[in-house]
Structure formats: C-alpha cells, structure tokens
Amino acid sequence: MRVLLVGAGGVGTAVTRIAARRPFFDVMVVADHDPARAEAAVAAVGDGRFRAERVDAGDESAVAALLARHGCDVLLNATDPRFVMPLFRAARTAGAGYLDMAMSLSRPHPERPYEECGVKLGDEQFALAAQWAEAGALALVGMGVEPGLSDVFARYAADELFDEIEEIGIRDGANLTVDGYDFAPSFNIWTTIEECLNPPVVYEKGRGWFTTAPFSEPEVFEFPDGIGPVECVNVEHEEVLLVPRWVDARRVTFKYGLGGEFIETLRTLHLLGLDSTVPVTVPGADGPVAVSPRDVVAASLPDPATLGERMHGKTCAGTWVRGTKDGRAREVYLYHVVDNQWSMAEYGCQAVVWQTALNPVVALELLATGAWSGSGVLGPEAFPARPFLDLLTEYGSPWGLREQ
C-alpha cells in the first residue's frame, strides 16, 4: 500500500509515529502546506518509507497530481473539515481510495435551525457515492476516534451484544488539565467551534434526523478508569448521521463532556461573532486585510499538538448502548481510554491527537490486508467490527466494555 497523508499537524504527525511501527505499507508521503512541518514529521520517524512534500489541501489538481506522481493507492485526510471536499474529489480524480476522520461540513436550516436539518454532515460526500461505487473505489469516511472507533463499537454492539437496540449514545469525556493555561483546548479549536456551536443532530426511528439547540439535554455520565462524572451535552457529530445508515437503533445521540467553563467560553465567542468563518476587514501594516474571526481565535491559542508536556489526565471515547439480549434488558458502555502520560512517553504525542490518529492507521492496515473491503462511500459501521477491535488490541491500546 502507498499512502498520501495530507496534513502534518498534531494528528498527522501522530499518524506517522503509529504507522512507522507497522509493516503493512510501502510508502507514506506526508504532505502539508508548510513543508517544514511535513519534513519534521518525516525526520522524526527516521524511516525510509516516509517522504515529505508540499501541497495546498484546497488545490484539487495539485493533490491529484501528487497522488499520481507517487502512485498512491489511498489518500488519508488529516486536515480540518474545510478541506474534506477538495481532497475527497482529488482522490476520485486520481483513481485513489480515500479515508478521513471527519466529514463534509453542514449548513443549518435557514429558517428552523434548532428543529430541522439543513445540509447535514456528510451530505456532499454521500451525494457522490454512486460515482465511487461505479468505479469500484472506496471512500471510508468518519474513521477517526469519534467518529470512527465509536462507530465500530456501535457495529460490534449490534452484531454481538444485542438482539434489539433502543438507543446508541456516543459519550466523550476527559479529566485533562493543561499547566499554565486558563483556556487551552486539547483539539483543533476550529473544528471544536464548528461541532459545538452548530445545531446538534439527533436521530429517532420514524422521525429521522432533527436538530436541537446547542448544549441541550445535559446529563452527568460516569466515565471509567478514574475519570469519573462529567456533564455531557448534545453536540453536532458525524456518528448521528452515520450509525443509522447501517445499524438498527430507535435513537442515536452524541454528547460531549465539555464542562461549564468551556461551554461559557464558546457561548461568548458566538456572542461576539468570533466563531464566524466569514472574513472581516481589519487594518494591517500594508493596508486593510480580510481575516476570518475563527482563524484569529485559532491563531491566538496554543497549538494542541504542543501541549503534551503540560497535559495531565486521561481522555475517553466510547459508545453507550441500551436494548435487549435474549429477552432481557441490557445496557453497556464500550470505551477506549488513553492516558496522556503514556502516549507522551510511548509516542511523544498528547493523548487526544494520538487517540484520533490511531484508528485510521488501524483501518488502513485492515484495508491493506483485505480484512476490510468495499466500494462506494461507507462509514465504519459498514464493516465487521471484530477485526478492527482485535487489531486495536494488537497495537497495544486495548478497549473496554462495562455493563451498566
């Protein structure tokens, strides 16, 4: 397998360090708009299978040409969601497979944003599914940790743990702290703002997908491995759009353990218009400059990839499922916990970006060996879960199951 990895930020760098320990690929080209970042990621692994290149993720023709020049079989997208569609289209143009960790962006309903869906996450990609299927090519979408591993857990629950499923709820929480910062998100703030301030989506059988207000339906969820209780709220996330396509459940939700202070900060950004992606004109040394307020916020905060040495605690991604098995009520939480101290010592990567990067590498190996195969635009739920979970454990990062 020959892989083009686009994006050498925190997650992309973690991908290289995880993949370097595995034999399933022949070449991994690491490309970024900043060639120094790509070169640093390659130099750090000291493995001749890795090569550095410069590319603008928004330039479809340049990405397609890079795929062709290196004879890559698959494009792994480790950029933020703004670049999903150009990279998705570039892979199709070049005849390569595609894998991402998020999906094409949503747009709220213009009149009823907190009741009805507008353009949903992934709609633009699924609209092109027939092209991929007709070509016998695979676009595996939403294959990070959330979405990604959480969706694999949903498939596993449906196949092996339940006869009927009442509700699948993704529940994400952590007890991470960062020394020296009052506010330092552990993941890309651009993406965090997008998913937290957009109208959350809920799925119910018979009703389909609908939206609610941001931060709705708060609940306290008890997370494992010493993390403890964390207040979780509804957030827009890909799993709610993916899981019902392949798994039969009466209700699907996603709730994120943000904490009151984080929620208030996001609300303030929204109140001031600093979550907007529409450029505003500000004075510059050489005259007026158009900048996106959200990009300014991102540039003002520390790079999450650099926070590992200051970080303490654990992060947990998981899928809570309730239903029946053999006529009896059952409720479980399938989860994956990463301790920041361990991921820093083992890989030099902070826990959140490492956990995100791990799962697409596992998926690439399953595709390379033929354990997973398919065509069209598919989510993780479209594949058997057991091979993924077994390989995850082989990678040295086991998952857990808690009866509720």
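This one's a predicted model, so the numbers in the text were calculated from it and none came from an experiment.

### A closer look at the packing of helix α13 (residues 351–369) against helix α14 (residues 385–394)
Okay, step 1: At their nearest, the axes of α13 and α14 sit 10 Å apart, and the two run at 120° to each other. Classified by the angle between their axes, α13 and α14 sit oblique to one another. The chirality of how α13 crosses α14 is right-handed. Taking contact as the criterion, the partners of L358, N359, V362, A363, E365 and L366 in α13 are, on α14, P387, F388, L391 and L392.

### Some details on the side chain of S397
Okay, step 1: Checked against the element boundaries, S397 lands in the loop between α14 and β20 (400–403).
Okay, step 2: For S397, a relative accessible area of 5% corresponds to the buried category.
Okay, step 3: Here the side chain of S397 touches H336 through a polar contact of 2.7 Å, side chain to side chain.
Okay, step 4: In contact with S397, not counting residues within four places along its chain, are H336, W354, L358 and L392.

### Points about the packing of aromatic side chains
Okay, step 1: All chains considered together, the criterion is met by 18 aromatic pairs.
Okay, step 2: Measuring from centroid to centroid gives 6.2 Å for F254 and Y256, while their planes differ by 70°, and the two rings are edge-to-face.
Okay, step 3: Take Y256: its relative accessible area is 18%, and that puts it in the buried class.
Okay, step 4: Relative to W354, the ring of Y347 lies with its centre 5.2 Å away and its plane at 45°, an arrangement referred to as tilted. The two residues Y347 and W354 agree in class, both being buried.
Okay, step 5: Among the aromatic side chains, those forming a connected cluster through ring pairs are F221, F223, Y333 and Y335.
Okay, step 6: The ring centre of W132 lies 5.0 Å from the NZ or CZ of R92, which sits over that ring.
Okay, step 7: Of note, R245 hangs over the ring of F126, and the distance from its end group to the ring centre comes to 3.7 Å.

Cut-off values and rules
Residues numbered from 1 in each chain as written. Predicted model: local features only at pLDDT ≥ 70, side-chain atom pairs only at ≥ 80, totals over all residues. Heavy atoms only, no water. Axes fitted to C-alpha atoms, helices over the stretch in contact; angles between N-to-C directions. Helix = DSSP H or I, 4+ residues; strand = E, 2+ residues; numbered from the N terminus. Parallel < 35°, antiparallel > 145°, perpendicular 65-115°, else oblique. Left-handed = near helix turned anticlockwise from the far one by under 90°. Contact = heavy atoms within 4.5 Å. Buried < 20%, exposed > 50% of the residue type's maximum accessible area, 1.4 Å probe, protein only. Polar contact = N/O pair within 3.5 Å; in protein donor to acceptor, adjacent residues only side chain to side chain. Phe/Tyr/Trp six-rings, centres within 6.5 Å; stacked < 30°, edge-to-face > 60°. Lys NZ or Arg CZ within 6 Å of the ring centre and 35° of its normal.

Read these as spatial facts, not as claims about activity.
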